[in-house]
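As a plain string of letters, each chain reads:
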Amino acid sequence: MKRQYSFGFLHASFLVSAVSIILIFLFSCSTKREMVYQHELNRLKDIARSNLMGNIDEFNSYERRPKSDGPYDASNNKEFLVNNIPYFESSNDTLRRVYNYRWWMISKHLRNYYDAQDAKNYWVITEFFGYPAWGSLSGAITCPTAHQFYDVRWLRDPKYLQSYAEYFMLGSASRLNQRENRNFLTHLRRPESVHFSSWMIDGIESFLKIHPDKTWMQKMLPAMENHQHLLDSLFTVKSSGSKTDGMYKILDLYDGMEFSLSAVLGLIESKGPYEIYTDSTWKDLYLGWGTTDKVANTAQAKDSPLAFTQGYPDFYLVRPSVGSYSYGNNQSLYHLYDLEQQNHPSIKVKEKVSHYKAKSTEIQQKFLKTLWNSDDGFFNSFSAGDNAYGARDYEARVRESVGYTPWYFNMIPGRDNKKYEVAWEMFTSEKGFNHHQGMTTAERQHPYYNEQAYAWNGRGWPFQNSVVYKAYANYLRNYKNQITAKDKETLYEQIMKLTRLHGYTHPNIGEWYIPSDGHEFGGQNDYFHSTYPDIIIADLIGFKGTHHNSFQVQPLIPAGKMDYFYLGNLDYHGKTIDIVWKNDWDQDKTGKQSMLCIWVDHVLKATSKALDVKIEVNLD
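Quick notes on the rules
Residues numbered from 1 in each chain as written. Predicted model: local features only at pLDDT ≥ 70, side-chain atom pairs only at ≥ 80, totals over all residues. Heavy atoms only, no water. Core = buried A, V, L, I, M, F, W, Y, C linked by side-chain atoms within 4.5 Å. Buried < 20%, exposed > 50% of the residue type's maximum accessible area, 1.4 Å probe, protein only. Helix = DSSP H or I, 4+ residues; strand = E, 2+ residues; numbered from the N terminus. Contact = heavy atoms within 4.5 Å. Phe/Tyr/Trp six-rings, centres within 6.5 Å; stacked < 30°, edge-to-face > 60°. Pairing = 2+ DSSP bridges. Axes fitted to C-alpha atoms, helices over the stretch in contact; angles between N-to-C directions. Expected span 1.5 Å × (residues − 1). Bend = angle between axes of the 7 residues up to and from the residue. Polar contact = N/O pair within 3.5 Å; in protein donor to acceptor, adjacent residues only side chain to side chain. Parallel < 35°, antiparallel > 145°, perpendicular 65-115°, else oblique. Left-handed = near helix turned anticlockwise from the far one by under 90°.

Novice: Quick question: what am I supposed to make of the nonpolar core here?
Specialist: Considering soluble globular proteins, one finds that nonpolar side chains tend to be buried as a cluster. Counting 197 residues, the largest nonpolar core has Leu-95, Tyr-404, Trp-407, Phe-543, Phe-551, Phe-565 and Ile-577 as its most contacted members. Residue contributions to this core peak at 9 residues, all from helix H16 (residues 462–478). When neighbours within four sequence positions are excluded, Phe-543 is seen to be in contact with Trp-154, Ile-537, Ala-538, Phe-551, Gln-552, Val-553, Leu-570, Tyr-572, Ile-577 and Ile-579.

Laid out in structure tokens, this is it:
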């Protein structure tokens, strides 16, 4: 028995030792791999930082570019950007270069503004440099605010967007009426904060997903609610029995698209003062600012002064854009009040949760029922049912890029995706919005299509690129059962068209471009009315923040388009996130050793051999 016991003991000892050796070996291999990944992370981070600094020096040397609107200029913008922005490095050098340029451009638009009305300083973000007459007293303009929120939310320091939101929601801009001048062009008095359409509340929610702050959110919620109530009171159709009753309306000008084809078609259909618009005259009367001067001198404008303002028709449209914006804002109020109910439960807050959930559903259902045209397979615009002059409830049968806005806010019910996804066929069609060098704003096959005039009858518009790219990325991630290689190629090529439009030697961003040739941007230099960092971070690489203690990564990069990328130094919920993809980690070995690695505060949290994945990472 002793011999057997001794043999059993020795046998057990051997097994324990063998298992220990195997575990040590596996642990050693795992540790070695992690060391390789960590070494490459450090190397790419150093390269990204070095390239960023070199790019900033170069961009600062450009002549004939607008000076900074705020405190960050050539004397200090390098330190500011290196310490605040997420780094991006890639085998696609053009993407990296334009990404760094756009952050440099953004830094020039951060303005520290002293508000005499409130006797305090605000951080605001400008669109045009200087103080345009159609802007707020601070120089900031509401039209691109949500785009600005989506980009600037990635700065490590949240103070800029917190202050910017306070200026428009709580500050003087929420009270002071937009001043009258030759650029006002409407008879509707309203505060600076709602001078243009926007989805600013949704933008604030997008910021809170990256930089959560329960106390600040609680302070801001009543102001955001008041902001939406103001939009509701000013920009909803009030005509009982009208097809568009209760829906959101806007002038072309105050939707950021001064002259659209849907307005042209409605004006041609109109009687009374707008009879001057016909299929043969509209180009002379509604196609750029010079044409409105002609209208101002007509007998109709002089006889019906309330139908025009300085020759611009007071003709409201129920557009897919503004309806989607209001849906997005109401959805955000629902989400944020739901968070508040979790933090500070009360009957009052619970009622608000129910109210905004129901309000969102009401907007969604009326929108889908009214604006969707099954024959066109698209969301069309209508003239407002309460227009004082001109056609009412007239459907403009033209596809415009604003018809994709519902997907930006995931407004389409998932169960109905098959019904509506036909709209995306026009995105890649040469009859639709696809052109050689960029996306158009109206379908190319329409007889009134025109990319040359200063109007959105076809001319390219980075503002709209930003909306449609996110809408398409949302469609792929949130609606399609299977994302195909062609789907990803489509998104990537569209982003690359916009990227190439910036130019490589001296990157720049302007107000518009010609989609057929794409030689250069026009209108402005270093102009901040669209997104780009967010397109790379959230839409292409697919970093999605949440209100919870987690995030998702789901890249939409086509196979073979990037040998590697690094996105890092990204501040999320107070932690630093780093992401590396490499198609081949060890070129000395045969075959590919592809790996996607994600670190949280320098700890490797997730890996995947495939790039075609959706990874959820918990911060705990």
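Novice: What is the right way to look at the packing of aromatic side chains in this model?
Specialist: Aromatic ring pairs: the centre-centre distance and the angle between the two ring planes describe each pair. On inspection of all chains with the given rule, the structure shows 65 aromatic pairs. Summarising the aromatic geometry, the rings of Tyr-62 and Trp-104 are spaced 6.5 Å apart at their centres and angled 75° between planes, so their arrangement reads as edge-to-face. Of this pair, Tyr-62 sits in the loop between helix H1 (2–60) and helix H2 (77–84) while Trp-104 sits in helix H3 (residues 93–107), and the two are 42 residues apart along the sequence. Each member of the pair, Tyr-62 as well as Trp-104, carries the same accessibility label: buried. With a centroid separation of 6.3 Å and 90° between ring planes, the pair formed by Trp-199 and Phe-409 is classed as edge-to-face.

Novice: Honestly, the sheet that holds strand S17 (residues 615–618) in this entry has me stumped. Any pointers?
Specialist: Note on sheets: strands pair through backbone hydrogen bonds, and any given pair is parallel or antiparallel. Spatially, the 3 strands line up as an open sheet ordered S11-S12-S17, and their pairing is antiparallel. Two strands close off the open sheet at either side, each with one partner strand: strand S11 (543–545) and S17. The sheet shows a mean angle of 25° between the axes of neighbouring strands, taken without regard to direction. Bridging between S11 and strand S12 (residues 550–553) involves 3 bridges; their strand directions are antiparallel.

Novice: How should I be thinking about the pairing of strand S16 (residues 603–608) in this particular structure?
Specialist: Across 5 bridges, strand S15 (residues 595–600) lies against S16 in antiparallel orientation. Each bridged residue has a counterpart across the sheet, and for Val-600 the counterpart in S16 is Val-603. Counted along the chain from S15 to the antiparallel partner S16, the turn is 2 residues long, and its residue Asp-601 has a positive phi close to 50°.

Novice: I would appreciate a short explanation of helix H7 (residues 214–234) in the present structure.
Specialist: Residue pairs spaced three or four apart in an α-helix point in one direction, given the helix's 3.6 residues per turn. Here H7 spans 30 Å end to end across 21 residues, near enough to the 30 Å set by a 1.5 Å rise per residue. Where H7 bends most, at Met-220, the angle is about 35°, and the proline Pro-222 comes one to four residues later. Those residues of H7 not exposed but buried are Trp-216, Met-217, Met-220, Leu-221, Ala-223, Met-224, Glu-225, His-227, Gln-228, Leu-231, Asp-232 and Leu-234. Buried positions along H7 lie against helix H5 (159–169), helix H6 (200–210), helix H12 (320–343) and helix H13 (347–371). Looking at where H7 begins, the residue whose side-chain oxygen comes 3.3 Å from the main-chain nitrogen of Thr-215 is Asp-213.

Novice: Before we go on, may I ask you to explain H12 in this structure?
Specialist: The end-to-end C-alpha separation of H12 is 35 Å, in line with the 34 Å expected for 24 residues at 1.5 Å each. Across the 24 residues that make up H12, a large majority, 20, are buried.

Novice: Looking at this structure, I do not really get unusual backbone geometry. What am I missing?
Specialist: The phi angle of most residues is negative, glycine excepted, and most peptide bonds adopt the trans form. Non-glycine residue Arg-64 carries a positive phi angle of around 55°. Note on placement: Arg-64 falls in the loop between H1 and H2. With a phi angle near 50°, Asp-526 is a residue other than glycine that sits in the positive phi range. Along the chain, Asp-526 turns up in the loop between helix H17 (485–501) and helix H18 (533–540). By relative accessible area, Asp-526 is classed as buried at 0%.

Novice: Sorry, what's going on with the sheet that holds strand S13 (residues 564–572) here?
Specialist: Spatially, S1-S13-S14-S15-S16 is the arrangement adopted by the 5 strands of the open sheet, whose pairing is antiparallel. A strand with exactly one partner marks an edge of an open sheet, and here the two such strands are strand S1 (87–90) and S16. Between one strand axis and the next, the sheet turns by 10° as a mean value, whatever way the strands run. In this structure, S1 lies alongside S13, joined through 4 bridges in antiparallel fashion. Its bridge partner lying in S13, Tyr-87 is registered against Gly-568. H3 rests against S1 and S13 of the sheet, and its axis sits at about 160° to S1.

Novice: What exactly am I supposed to notice about the packing of H6 against H12 here?
Specialist: At a minimum axis distance of 7 Å, the contact between H6 and H12 shows a crossing angle of 40°. Between H6 and H12, the angle falls in the class oblique. Viewed along their axes, H6 and H12 form a crossing whose handedness is left-handed. Seen from H6, the contacting residues are Met-200, Ile-201, Asp-202, Glu-205 and Leu-208; seen from H12, they are Gly-328, Asn-329, Ser-332, Leu-333, His-335 and Leu-336.

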